[in-house]
Amino acid sequence: MNETLRYALIILLCSALGLVAVLANRLTERVKVPVALLVLVGAAVVVRVVPVVQPPSERTVERVITIALVLVLFDGGMHIGLSRFRAAAVPILSVGVVGTGLVAAGAALLLHLLCGISWYLALLVATAVAPTDPAVVFSVLGKREIAGRSSTILEGESGTNDPVGISLMSGLIAAGGISAAGFLSVGTQFALQMVIGTAVGVIGGRVLLAFMRRVALPSEGLYSLRTLACCLLLYGIATLAHGSGFLAVFVAGIVIGDARAPYKPEIKRFHAALAGLAEIVAFAILGLTVDLGLLVHSDVWIPGLVLGVALTVLIRPLAVSACLVGVQLERNERLFILVAGLKGAVPILLGEFLRAAHIADAERLYGIVVVVVMFSVLVQGGTVPSLARLLRLPMRTVDTQPWEMAVRLADEPQGVHRFSVASGSAAEGCTVDELGDRVGDIWVSVVLRTPGLVPVRGDTELQAGDEVVLLADPELRDALAELFGPW
């Protein structure tokens, strides 16, 4: 087979795997197995049974996953937005930074004492498995969305602890062992990367927002491409400045997340689609690096299983509990955060770092990381929906809405607000006239209710789940937000 045919076969297999991954989202709604695990296992099986498909080089894996992670973090930041982040900034930073360190320390202690792994190697593996991935949590929840701050904390934690984990792993590998000088070097490098990454993200996000608002482009499609180019630009600037490029793009996404800008809905949909594709690509290429034969060795799957169970029921709950002391959360929200820290692509990427650095016994350590991720996604992830119901978390079903009604305006509208009526909120059961009596001079323009529009009259009664578009003085936004509830 010549190179052209070989390349065509690789494209065929990759595209087929991608198509299966997209369609598998329907299957995951029923079996509650995240599509990420299906892609990972599918790729691992393909590389084992199809001789023409070879594992990618370590450099290729690192480069592809870097771009994928940049896209996922930027979209995650935009999804959180500045207002949601401010409301939960303390627990996000506490769990994302301090909690990651505590989880790594606890996992290293367990691996050394119970599994006999040397302190340095145990710390490397522990650092690899510390980051979390809320996309896996929300994947198994299907069309249900969690209310309150627990969802924001989980999303923010992952966006924060991914850069933290990557920075710590890079520093530990560079240190080459455990010593006072090594820990000082790791700590200095980590602090430098966090500070520079945050600064580039904040400044770059504000510059990008001004760029989006003030510089017009000749075509609608160019707006999303401009944001993509700026996202990658910020990663490059922060990395070259010896900061965390991943943290920079996450922070920049938060800065522009809920700010108004031309073609903002189209930009957010574009980046959401890119992030979804990036996640599939990340798990597919990581799956190509997994040796299924290695995972069945007792010195791989037993430590991996022990660590996976310990992280779920002991290490993470204790570490996160310490970080959430003093944080005002409902009991059910707190419990959900403690056990919903599922693993995703980043731990496997960090395990790949060990192989690329030719760490002693790297293949075995990599296998342990993969086992932990598979346990987390399959076993822990499979219990998340039941746990959410058991804890009676406030949730709502989010149905897809493939049809859109939009109005294009040449200038930015002033005083236009859009809210969802939360169940139990003050707005639920109010008529349009009563709504005006409560907050002042407003004009309700549109009420969206499944399956379509509702005629707006003075006696139109609002129901939970309604989407309401209204005109009001910008100063009334906070009062309106309190009236409509937390969604």
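Look a little higher up for the structure.
Residues numbered from 1 in each chain as written. Predicted model: local features only at pLDDT ≥ 70, side-chain atom pairs only at ≥ 80, totals over all residues. Heavy atoms only, no water.

**With respect to the sheet that holds strand E4 (residues 442–449)**
Let me state the cut-off plainly: DSSP-based pairing: two strands are paired if at least 2 bridges between them are found. Each helix is a run of H or I in the DSSP string that is no shorter than four residues. Each strand is a run of E no shorter than two, and both are numbered from the N terminus. Think of each axis as a best-fit line through the C-alpha atoms, taken over the contacting stretch in the case of a helix, with angles from 0 to 180 degrees between the N-to-C directions. Note on contacts: a residue pair is in contact if any heavy atoms of the two residues lie within 4.5 Å.
The four strands lie next to each other as E3-E6-E4-E5, forming an open sheet whose pairing is antiparallel. Among the strands making up the open sheet, the edge pair consists of strand E3 (416–420) and strand E5 (452–454). Put simply, the sheet's adjacent strands are angled 25° from each other on average, direction ignored. Running at roughly 15° to E3, helix H18 (residues 477–484) makes contact with E3 and strand E6 (467–472) of the sheet.

**Topic: the packing of aromatic side chains**
Our working rule: For Phe, Tyr and Trp, where Trp contributes only its six-membered ring, two rings pair if their centres lie within 6.5 Å, and the inter-plane angle classes them as stacked under 30 degrees, edge-to-face over 60, or tilted in between. Each residue's exposure class comes from its accessible area (1.4 Å probe, protein chains only) as a fraction of the maximum for that residue type: buried when under 20%, exposed when over 50%, partly exposed otherwise. For a ring to carry a charge above it, either NZ of a lysine or CZ of an arginine must fall within 6 Å of the ring centroid while also lying within 35 degrees of the normal to the ring plane.
Summed over the entire model, instances satisfying the criterion amount to three aromatic pairs. Pairing Tyr 235 with Phe 246 gives two aromatic rings, centres 5.3 Å apart and planes at 55°, and the pair type is tilted. Of the two residues, Tyr 235 sits in helix H9 (residues 220–240) while Phe 246 sits in helix H10 (residues 245–257), which places them eleven residues apart along the sequence. In this structure Phe 246 comes out as buried when scored by relative accessible area, which is 8%. The ring of Phe 211 has Arg 226 sitting right over it, with the charged end atom 4.7 Å from the ring centre. The lysine or arginine in question, Arg 355, covers the ring of Tyr 366, its NZ or CZ lying 4.5 Å from the ring centre.

**Describing the packing of helix H2 (residues 35–49) against helix H11 (residues 264–287)**
Between two packed helices, both the angle of their axes relative to each other and the distance between the axes serve to describe the pair. Heads up, the rule is: Note: crossing handedness is left-handed where the near helix turns anticlockwise from the far helix by less than a right angle, and right-handed where it turns clockwise. Under this grouping Gly is polar, as are all residues other than the nonpolar Ala, Val, Leu, Ile, Met, Phe, Trp, Tyr, Cys and Pro and the charged Asp, Glu, Lys and Arg.
It is at 7 Å that the axes of H2 and H11 come closest, and there the two elements cross at 35°. The handedness of the crossing between H2 and H11 comes out as right-handed. Across the interface between the two elements, Ala 36, Val 39, Leu 40, Ala 43, Ala 44 and Val 47 from H2 touch Ile 280, Phe 283, Ala 284, Leu 286 and Gly 287 from H11. Of the residues that constitute the contact of H2 with H11, the class distribution is ten nonpolar, one polar and no charged.

**Some details on the pairing of E6**
Here E3 runs beside E6; their pairing, made up of five bridges, is antiparallel. Residue pairing in the sheet places Arg 418 in a bridge with Val 469 of E6. The sheet contact formed by E4 and E6 spans six bridges and is antiparallel. Each bridged residue has a counterpart across the sheet, and for Ile 442 the counterpart in E6 is Ala 472.

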